[in-house]
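# Summary of structural features
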Amino acid sequence: MIIVLKKDIDEEKCNALREFLEKRDVKTVEVVGVDKKIIGVIGNKHNLDKDALSAFPGVERVIPILEPYKLASRKFHPTNTIINVGGVEIGGLDPVRMAGPCSVESEEQIWEIAENLSQQGVQILRGGIFKPRSSPYSFQGIGEIGLPWLRDAGKHYGMPVISEVMQINQIDLMYDFVDIFQVGARNMQNFRLLEALGKTDKPIMLKRGIAATFGEFLMSAEYILSNGNDKVILCERGIRTFVEYTRNTLDVNVIPMVKNVSHLPIIVDPSHATGRTDLITPVTLGSLIAGADGFIIEVHPRPYAALSDGAQQLTFDQFASFMEDYELIKDSLLNLRKKKFAEITENVSNSL
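About the criteria used
- Residues numbered from 1 in each chain as written.
- Predicted model: local features only at pLDDT ≥ 70, side-chain atom pairs only at ≥ 80, totals over all residues.
- Heavy atoms only, no water.
- Core = buried A, V, L, I, M, F, W, Y, C linked by side-chain atoms within 4.5 Å.
- Buried < 20%, exposed > 50% of the residue type's maximum accessible area, 1.4 Å probe, protein only.
- Contact = heavy atoms within 4.5 Å.
- Pairing = 2+ DSSP bridges.
- Helix = DSSP H or I, 4+ residues; strand = E, 2+ residues; numbered from the N terminus.
- Axes fitted to C-alpha atoms, helices over the stretch in contact; angles between N-to-C directions.
- Phe/Tyr/Trp six-rings, centres within 6.5 Å; stacked < 30°, edge-to-face > 60°.
- Lys NZ or Arg CZ within 6 Å of the ring centre and 35° of its normal.
- Salt bridge = Lys/Arg side-chain N within 4 Å of Asp/Glu carboxyl O.
- Parallel < 35°, antiparallel > 145°, perpendicular 65-115°, else oblique.
- Left-handed = near helix turned anticlockwise from the far one by under 90°.
- Disulfide = S-S within 2.5 Å.
- Expected span 1.5 Å × (residues − 1).
- Arc of directions from axis to C-beta.
- Polar contact = N/O pair within 3.5 Å; in protein donor to acceptor, adjacent residues only side chain to side chain.

Glancing now at the nonpolar core. Counting residues in each nonpolar core, the largest one holds 71 residues, and the members touching the most others are Leu125, Leu234 and Phe319. Not counting the four nearest positions on each side in its chain, Leu234 is found in contact with Leu206, Phe217, Leu218, Ala221, Val258, Leu264, Pro265, Ile266 and Ile267.

So, on to the sheet that holds strand β4 (residues 59-63). Spatial strand order, β2-β3-β1-β4: 4 strands in an open sheet with antiparallel pairing. Edge positions in the sheet fall to β2 (26-31) and β4, since each of these pairs with one other strand and no more. Looking at each pair of strands side by side, their axes are set apart by 25 degrees on average, direction ignored. Pairing of strand β1 (residues 2-5) with strand β3 (residues 38-43) involves 3 bridges; the strand directions are antiparallel. Of the residues in β3, the one forming a bridge with Ile3 is Ile39. Packing of helix α1 (residues 11-22) onto the sheet brings it into contact with β1, β2, β3 and β4, and relative to β2 it is tilted by some 145 degrees.

Okay, the packing of aromatic side chains next. For any two aromatic rings, the description comes down to two numbers: the centre-to-centre distance and the angle of the planes. Scanning the entire structure with this criterion turns up 7 aromatic pairs. Considering the side-chain rings of Phe191 and Tyr223, the 4.3 Å spacing of their centres and the 15 degrees angle between planes classify their relative orientation as stacked. Highlighted residues: Phe191 in helix α6 (residues 191-198) and Tyr223 in helix α7 (residues 214-226), separated in sequence by 32 residues. For the ring pair Phe319 and Phe322, a centre distance of 5.8 Å and an interplane angle of 40 degrees mean the geometry is tilted. Placement of both Phe319 and Phe322 in helix α11 (residues 316-351) is noted, with a separation of 3 residues, approximately one turn of the helix. Exposure class is identical for Phe319 and Phe322. Each is buried. Site record: aromatic cluster; members linked through ring pairs are Phe295, Phe319, Phe322 and Tyr326. Its end group placed over the ring of Tyr175, Lys202 keeps NZ or CZ at 4.5 Å from the ring centre.

Under the definition given, this model contains 17 salt bridges. Where salt bridges share partners, they join Arg208, Glu236 and Asp251 into one cluster.

For the rest of this paragraph, the subject is the packing of α6 against α7. Angle between the axes and distance between the axes are the two parameters that describe a pair of packed helices. Closest axis-to-axis distance for the α6/α7 pair is 6 Å, and the angle between their directions is 40 degrees. In terms of their interaxial angle, α6 and α7 are classed as oblique. Crossing geometry of α6 relative to α7 is assigned as right-handed. On α7, the residues that touch Phe191, Arg192, Leu194, Glu195 and Gly198 of α6 are Ser220, Tyr223 and Ile224.

The next point concerns the state of the cysteines. Counted according to the given criterion, the structure contains 0 disulfides. Here Cys235 is not cross-linked by a disulfide; its sulfur's nearest cysteine counterpart is in Cys102, at 13 Å. The buried category is assigned to Cys235, whose relative accessible area is 0%.

Right, let's get into the pairing of strand β11 (residues 204-207). Covered by surrounding structure in β11 are Ile204 and Leu206 together with Met205 and Lys207, the residues of both alternating faces. Here strand β10 (residues 180-183) runs beside β11; their pairing, made up of 3 bridges, is parallel. Each residue of the ladder has a partner; that of Phe181, found in β11, is Ile204. Relative to strand β12 (residues 232-236), β11 runs parallel, the two sharing 4 bridges.

Our focus in this paragraph is α1. An ideal rise of 1.5 Å per residue puts 16 Å on 12 residues; α1 measures up with 16 Å between its terminal C-alpha atoms. Those residues of α1 that sit buried are Cys14, Leu17, Arg18 and Leu21. Summarising the axial view, the buried residues of α1 lie within an arc of 100 degrees, below the 170-degree limit, and thus occupy one face. Where α1 is buried, its residues meet β1, β2, β3, α2 (50-54) and β4. Of the residues that open α1, the one with a side-chain oxygen 3.3 Å from the backbone nitrogen of Glu12 is Asp10.

The next subject is the pairing of β10. By the alternation rule, side chains of β10 split into Ile180 and Gln182 and Phe181 and Val183, which are all buried. Here strand β9 (residues 161-164) pairs with β10 via 3 bridges, running parallel. Paired with Ser163 across the strands is Phe181, a residue of β10.

Now for the environment of Val62. As for its placement among the helices and strands, Val62 is situated in strand β4. Overall, Val62 belongs to the buried group, its relative accessible area being 7%. Between the alpha carbons of Val62 and Ile39 there is a distance of 9.7 Å; along the sequence they are 23 residues apart. Filtering out sequence-adjacent residues up to four positions away, Val62 remains in contact with Met1, Ile2, Ile3, Lys50, Leu53 and Ser54.

Glancing now at the environment of Leu93. When you line up the elements, Leu93 lands in the loop between β6 (88-90) and β7 (96-100). C-alpha separation for the pair Leu93 and Leu333, spaced 240 residues apart in sequence, amounts to 9.2 Å. Once residues within four sequence positions are removed from consideration, Leu93 is found in contact with Leu334, Arg337, Lys338 and Phe341.

Put into structure tokens, the structure is as follows:
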């Protein structure tokens, strides 16, 4: 629930209310981004009576929050969360541009890719070091040896780096080499991993599971948030449906849904969603118009020789063509995002 306080409430009454709540074994959170003083309440609220709280000195009204995801809710955090990673803003007006190979295969490969992508406007370099594969016989990633290659290539060309963490014991191993931890679709409900990442200070990009509902997606984010890490980036990467001509089906619906109910940024992964290079441009542009805060696209200089997922990786020329199309809608997209940001903030403020 959230407790809306009267404008003239003094600090003494405010502190008394917090003490009253904490004695009932609930956590209080300061709600920011609105012109009213609001306290969010998280935890076991069975010992709290809404009517009794409404009568507490200095309380204007009490609003129950029915959604199980509290910290991810826009009611607790009305303004958009903007995450700064090495000078790159994720969740702001300018959609973030992430790209790189499915797997880091060699030092020469990642440096070649980093050089090209830096010239094409990519802001964050992706690269898989440890790879979760459906088959135990498939390439499992280059492993620990590739971490300094990825870090050094990104640093040289001014791009923060993102890579997938698969196990709790990899967090410390990867910590000094990556700027963003990626949680893959298979680990979206690996709650112990999410809790461990919640105790770090690195941004976390959480990919939606292949059959995860909207609520399950946000509840997984809640695991990270509730453990103290507020730098969560959601990623829609497609869900499994009856469609057979694509690897997965990109759920464009979830993008505006997230923007309506959550303050967290959400980006789109068209490479895993479609598994087809010919669909990446239209799917990405459509997702940006729907409200996505950016994209993460797989790029490889020679996809035919890639050690993993070659069919869904763009060549340098294909990515350049995509960026040309992106530039065509960039100004209109910026104006649309400005309008939507203002509408969302106004709607939430009015509801309080």
